[in-house]
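Chain and residue survey
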Amino acid sequence: MRRGNKRLLGALLSALLLAMLVSGGCGKSGESGAGGGQAGGAVVRLSLGTGGTGGTYYPYGAAVAKIINNYVPGVEATAEVTGASVENLRLVGSGEIQMGLAMDDAVYHALKGIVEFNAPVKVYTLFEMYPHFLHMVALHDTPVDKVNDLRGKKVSVGAPGSGTEVMSRQVLESLGITYNDFTVHRLSFSENTEALRDNVIDVGIWSVGPPTSSIMDLATTHKIKMIGLSQEEIQKVTSQHPYYHAMELPAGTYRGVDSAVPGLSVWNTCVVSPELSEDMVYSIVKALFEHVNELIEVYPGAKWTTPESTVKYATAPLHPGVVKYFREIGIEVPERLLPEEVK
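Described in the following lines is the structure provided in the data block.

1. Considering the nonpolar core
- If you look at the biggest cluster of nonpolar residues, it comprises 72 residues, and the most contacted ones within it are Tyr 60, Met 99, Leu 126, Phe 127, Val 203 and Phe 326.
- Setting aside anything within four residues of it in sequence, one finds Leu 126 in contact with Met 99, Cys 270, Val 271, Val 272, Val 281, Ile 284, Val 285, Leu 288 and Val 322.
- Grouped together as the second largest cluster of nonpolar side chains are 19 residues, Val 137, Leu 187, Ile 224 and Leu 249 included.

2. Side note on the environment of Thr 78
- Along the chain, Thr 78 turns up in strand E2 (residues 75-80).
- Given a relative accessible area of 36%, Thr 78 falls into the partly exposed group.
- Each C-alpha atom, one on Thr 78 and one on Ile 68, is 9.4 Å from the other, the two residues being 10 residues apart in sequence.
- Residue contacts for Thr 78: discarding those within four places in its chain leaves Leu 46, Ser 47, Leu 48 and Ala 65.

3. A short note on the environment of Ala 219
- With respect to the helices, strands and loops of the structure, Ala 219 is situated in helix H7 (residues 213-221).
- Taking C-alpha positions, Ala 219 is 5.7 Å from Arg 255, a pair spaced 36 residues apart along the chain.
- Leaving out residues up to four positions away in the same chain, Ala 219 has contacts with Ile 224 and Arg 255.

4. A word on the side chain of Thr 212
- The residue Thr 212 is located in the loop between strand E7 (203-208) and H7 in this model.
- When residues no more than four places from it in sequence are discounted, the contact partners of Thr 212 are Trp 206 and Tyr 254.

5. Some words on the packing of helix H6 (residues 189-197) against H7
- Viewed as axis vectors pointing N to C, H6 and H7 meet at an angle of 20 degrees, and their least axial separation amounts to 9 Å. For the element pair H6 / H7, the angle class is roughly parallel. The two elements H6 and H7 meet at a crossing, and its hand is right-handed. Between H6 and H7, the residues in contact are Phe 189, Thr 193, Leu 196 and Arg 197 and Ser 214, Ile 215, Asp 217, Leu 218 and Thr 221, respectively.

6. Regarding the pairing of E7
- Burial within E7 is extensive, with 6 of its 6 residues counted as buried.
- Going residue by residue along E7, you find Val 203, Ile 205 and Ser 207 tucked away on one face and Gly 204, Trp 206 and Val 208 tucked away on the opposite face as well.
- Two strands pair when backbone bridges link them, and strand E4 (residues 124-139) and E7 are joined in this way by 5 bridges, in the antiparallel orientation. When the sheet's bridge partners are listed, His 135 is paired in E7 with Trp 206.
- Relative to E7, strand E5 (residues 154-156) is paired through 2 bridges, and the arrangement is parallel.

Conventions adopted
- Residues numbered from 1 in each chain as written.
- Predicted model: local features only at pLDDT ≥ 70, side-chain atom pairs only at ≥ 80, totals over all residues.
- Heavy atoms only, no water.
- Core = buried A, V, L, I, M, F, W, Y, C linked by side-chain atoms within 4.5 Å.
- Buried < 20%, exposed > 50% of the residue type's maximum accessible area, 1.4 Å probe, protein only.
- Contact = heavy atoms within 4.5 Å.
- Helix = DSSP H or I, 4+ residues; strand = E, 2+ residues; numbered from the N terminus.
- Axes fitted to C-alpha atoms, helices over the stretch in contact; angles between N-to-C directions.
- Parallel < 35°, antiparallel > 145°, perpendicular 65-115°, else oblique.
- Left-handed = near helix turned anticlockwise from the far one by under 90°.
- Pairing = 2+ DSSP bridges.

Written as structure tokens, this is what we have:
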């Protein structure tokens, strides 16, 4: 073999050996981990459970991951497509992912081990995101003006297993209305729109951040109305379900809805595994709140993503790293949101 070829072969073998050593030596340090261990250039990889690609959770979660990747050294986050709230809570609880987006009624159920959960799931709050408003929509000429008018009508309560369906059932049952009182349809948001247009249903229910495109589309072709709740009805629901809150949909949110609509909201939250280190979570939440404008560019409803919203609406205790950051910026954390580690 010529001397030049021998040198080339030797160089190739050396490069291959080096690659194998690097790969073998870095395997564990590059995996998802609970610690903040970023020493020596190791990268900690985090998975963030979101929802389907057609909803708000996925782009919002992708923006969260981008902020982490851009501003938290040594941490690499990836937004994962999932079945949303319930699945995300189960995945965080099992350690398969480290962060997840979820509605706060599902978070409450997870903490208690009730409804969709067979046993308690321990998660901590990273931050509150934005509220969903319970939209009850009908065409303008439909003889439904208050919630009791749903009796005997054709009502879509949301897709099977969805957050909308969970909220619909709990709100209506709190007001003495069961699924036996009307004809139940379980439709997605886009299917609600088509079913209302075609008079297949009388009322469609959405639990979603306003304004939402499917209702906006309906309002461009048909005159719609929103069914509001009385203050007494709101009080009945919130007294039974502490994760629901009074909210008023502003006038003009949708074409033809010219008056404010009183109703109910449920907040969306980003939860994290208790196994993540305080230092890492502190760095993540600091980066997120310091660059929240990048979230707002993706979803304008992220204007609600603030420390103040978090301490007001959170259901699960805050992660110790969040408590550390909030105290640093002068936000008082109520006793109910303090984890055992910092009490």
